[in-house]
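Given next are the chains, with one letter for each unit.
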Amino acid sequence: MQLRHIALAAALISGIWITGTAQAQGFVFGTAEPKAPAAAPAGARNAKVESAQRLLARLGLLRETPSGTLTPATLDAMRAFAARTGTAPASEVNDALLNAIRRHIWTSQNWSSGNYKGKEKIVDAQGLREAQILLGKLGFSAGPLDGTFGPQTQVATEAFQESQGVSVDGLITSTVLMNLRRAVNGAGVGAKETVRVLNWPDYIEPSVLQDFEKEYNIRVIYDIFADNDDLQARLGAAGTPYDVVFPTANAVPGMAAKGLLGKLDKASLKNLSNIDPRVDATLRAWDKDGAYSLPYMWYTVGIAWNPKLTSKAFPGHSVDTLATVFDPAIAKRFQSCGIGVVDSASDVIPLAAMAGGQTKWAGRSSIAAAEKVMAGIAGTVKVIPTDQFIDSLANGKLCVAIGFSGDAVQAQGKSRGAVEYRVPADGGLLAIDAMAVPANAKNKRGAHQFIDYLMRPQVIAKVSNTVGYANANLKAGEFMSASVKSNPAVVPSTTSLSRSSPIPVLSEQDEQEITRIWSRFTK
């Protein structure tokens, strides 16, 4: 689940090359410079200062809210940045400083390839140029329409994000591009009310949002979160609340216990009968009474491999078992062609416990079993960053790995079918992403209308066809593409599902122990 996206590749289109500029995966720094004065006088609001403040805050060097004013705290953060990077300290915010911070973030925070779970990949130069054109149509000056990323483009993007009431980071990702297209097409124009939606990245079909807006005359404000921790932080923060959110089902109990989720008014949902009772029953493993959530999409955590490569490394071995990765002797046979686990401790450790003989999660005993298993494969099995997992599989750099079914589907597409995925014969994990309404939602009626709309078979089928995940709708199958619904990585067989255990609800002690094991394993 950690990568919820089918995003645009972050690669510079070959024809765009600006001499004398620094490049990083499709974004070129130092171009499209605004003509505003280089320095921002103390006390004056300035777009460059505000951009610098957002960037410095992203690096953890600034704690105050970006104001566009050159405050003492901002100057301290600028000095801290200079000390961290070994550069000359600056007393003003200019283009050189902004570009230096951006370059540092590119290398330190993986902007170049899209970060882990929930952080989308940056659009390519063609997508960036389209975004610049769309920003201009909406009245935000993004600088030259050259498909390069400069300070003016970032400032324009931030201004657009602020106008939409969504998270502000200044990056043009696939969600930002989608929202730009929707805005130019008049999304929600004339609507009397809004529904604020917070979802995983690239986990919706854009036409679904547009069609909902037209039918209900409700504007959808669409924002994204990085992971369940980020979601909880957003729900607990001050500011305009969200109306519909999509937590992983095993996170629902904790969120409900903290008062972050409200009970659903299921009597108002006309399409509730479309939900597959088997999936809904599985969801009850987390939300016991089903009071706070309904299933949106579901997926498995299992094993993906490249048959061409694995057959050479270990002829005749049946790859679709946990032992392939978690048995030290077997894992070493695949070390030469690349063997790994996705960088998601809360998913990998429960599988390691299964491989160690724990059929069900049981706290301390499962932790002990998993720790022993992980110690045995340390140094042989790599941890694959989630932003590299799909490409590593698709490009043949990784011949076998534990990961997410959705990632495997995307790797299959990129590799033209060279990758296979199965729920391991000796056990896998099953997870559900849920639909829920925050306790402080402003438009609970509109939120229920949006959830009910997603439970229409034709609607949720469009989403599955786009994102490559299985939905929980009994009647959606006839509207889904054959390539999606017949793919065992998307819809496992009944036998495979019988071997899949729900992702466990982890106690705080479990989480601490898992973090400790993972930290040791990743050293």
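Cut-offs used in this document
Position labels on residues start from 1 in each chain and follow its written sequence. The predicted nature of this model means local features are confined to residues of pLDDT at least 70 and side-chain atom pairs, given and counted, to a pLDDT of 80 or more, with totals for whole chains, interfaces and linings taken over all residues. The side-chain quantities take in all heavy atoms of the structure and omit both hydrogens and water. Each residue gets a pLDDT score, which is the predictor's confidence in that residue and runs from 0 to 100. Contacts between residues were defined by any pair of non-hydrogen atoms, one from each residue, lying within 4.5 Å. The convention used is that axes are lines fitted to C-alpha atoms, helices contributing only their stretch in contact, and that angles between N-to-C directions extend from 0 to 180 degrees. Only runs of H or I of at least four residues qualify as helices and only runs of E of at least two qualify as strands under DSSP, and these elements are numbered from the N terminus. Throughout this description, any angle smaller than 35 degrees is read as roughly parallel, any larger than 145 degrees as roughly antiparallel, any in the 65 to 115 degree range as roughly perpendicular, and the remainder as oblique. By the convention adopted, Pro, Cys, Tyr, Trp, Phe, Met, Ile, Leu, Val and Ala count as nonpolar, Lys, Arg, Asp and Glu as charged, and the other residues, Gly among them, as polar. For two strands to pair, DSSP has to find at least two bridges joining them. Nonpolar core, defined: a set of buried Ala, Val, Leu, Ile, Met, Phe, Trp, Tyr and Cys residues in which side-chain atoms within 4.5 Å join the residues together. When accessible area is computed with a 1.4 Å probe and restricted to protein chains, residues below 20% of their type maximum are described as buried, those above 50% as exposed, and intermediate ones as partly exposed. One speaks of a salt bridge when a side-chain nitrogen belonging to Lys or Arg is within 4 Å of a carboxyl oxygen belonging to Asp or Glu. For this analysis, a ring pair means two rings from Phe, Tyr or Trp (six-membered ring only for Trp) whose centres lie within 6.5 Å, classed as stacked if their planes differ by under 30 degrees, edge-to-face if by over 60, and tilted for the remaining angles. Look down the strands so they point away from you; if the path from the first strand over the helix to the second goes clockwise, the crossover is right-handed. N or O atoms closer than or at 3.5 Å make up a polar contact, with two conditions inside protein: a donor-capable atom paired with an acceptor-capable one, and, for residues adjacent in sequence, both atoms drawn from side chains.

Time to look at the confidence of the model for the chain. Across the chain, pLDDT averages 85, with 88% of residues at or above 70. Counting contacts from residues 1-42, a segment whose pLDDT is below 50, to residues more than four positions away or on other chains yields 133 contacts. In this model, residues 112-120 is a region of pLDDT below 50 whose contacts with residues beyond four sequence positions or in other chains number 41 contacts.

Looking now at the packing of helix α7 (residues 206-216) against helix α19 (residues 457-467). Axis separation between α7 and α19 bottoms out at 9 Å; the angle between their running directions is 150°. When the axis of α7 is compared with that of α19, the two are roughly antiparallel. Together, Ser 207, Val 208 and Asp 211 of α7 and Val 459, Lys 462 and Val 463 of α19 make up the contact between the two elements. For the contact of α7 with α19, a count of residues per class yields three nonpolar, one polar and two charged.

Strand order in this open sheet of three strands is β4-β3-β5, and the pairing throughout is parallel. Of all strands in the sheet, those bounded by a partner on one side alone are β4 (218-224) and β5 (244-245). Across two bridges, the pairing between strand β3 (residues 193-199) and β5 is parallel. Bridging from a neighbouring strand, Val 197 pairs with Val 244 of β5. Along the sheet face, helix α18 (residues 444-454) touches β3, β4 and β5 and points at about 60° away from the line of β3.

It is worth spelling out the side chain of His 448 at this point. Tracing the backbone through its elements, the reader meets His 448 in helix α18. Not counting residues within four places of it along the chain, the set of residues in contact with His 448 comprises Leu 264, Asp 265, Ser 268, Leu 269 and Val 437.

Let us now look at unusual backbone geometry. Despite not being glycine, Asn 217 has its phi angle at roughly 55°, a positive value. Here Asn 217 is to be found in the loop between α7 and β4. In this model, Arg 416 sits at a positive phi of 55°, which is unusual for a non-glycine residue. Note on placement: Arg 416 falls in the loop between α17 (405-415) and β11 (420-422).

Among the nonpolar cores identified, the biggest contains 118 residues, and Tyr 296, Phe 326, Met 374 and Phe 450 are the most heavily contacted of them. At nine residues, strand β7 (residues 294-305) tops the list of elements feeding residues into this core. In contact with Phe 326, other than residues within four places in its own chain, are Val 348, Leu 351, Ala 352, Ala 355, Val 373, Met 374, Ile 377 and Ile 402. The next biggest cluster of nonpolar side chains, apart from the first, holds 16 residues, and it includes Ala 52, Leu 56, Leu 59 and Ala 77.

Let's shift gears to the pattern of salt bridges. Counting across every chain of the model gives 18 salt bridges. Among the salt bridges present, the one from Glu 215 reaches Arg 456, with a minimum N-O distance of 2.6 Å. Here Glu 215, found in helix α7, pairs with Arg 456, found in the loop between α18 and α19; they are 241 residues apart in sequence, far enough to count as distant. Residue classification places Glu 215 among the partly exposed residues on the basis of a relative accessible area of 44%. Arg 516 serves as the salt-bridge partner of Glu 513, at 2.6 Å between the closest nitrogen and oxygen. Of the two residues, Glu 513 and Arg 516 both sit in helix α22 (residues 508-521), three residues apart, roughly one turn of that helix. For Glu 513, a relative accessible area of 22% puts it in the partly exposed group.

Below, the discussion takes up the packing of aromatic side chains. In the structure shown here, the tally under the stated rule is 12 aromatic pairs. With 6.1 Å between their ring centres and 80° between their planes, Phe 140 and Phe 160 make a pair best called edge-to-face. One end of the pair, Phe 140, is in the loop between α4 (125-137) and α5 (151-164); the other, Phe 160, is in helix α5, with 20 residues separating them in the sequence. Look at Tyr 299 and Tyr 469: their rings are 5.8 Å apart centre to centre, the planes differ by 90°, and that puts the pair in the edge-to-face class.

Before going further, it helps to spend a moment on the pairing of β3. Two faces make up the sheet, and in a regular strand the side chains alternate between them. Burial analysis of β3 places five of its seven residues in the buried class, which makes it a mostly covered element. The parallel pair β3 and β4 is bridged by α7, and the resulting crossover is right-handed.

As for its position among the elements, Thr 522 is in the segment after α22. A polar side-chain atom of Thr 522 sits 3.3 Å from the main-chain carbonyl oxygen of Ser 519.

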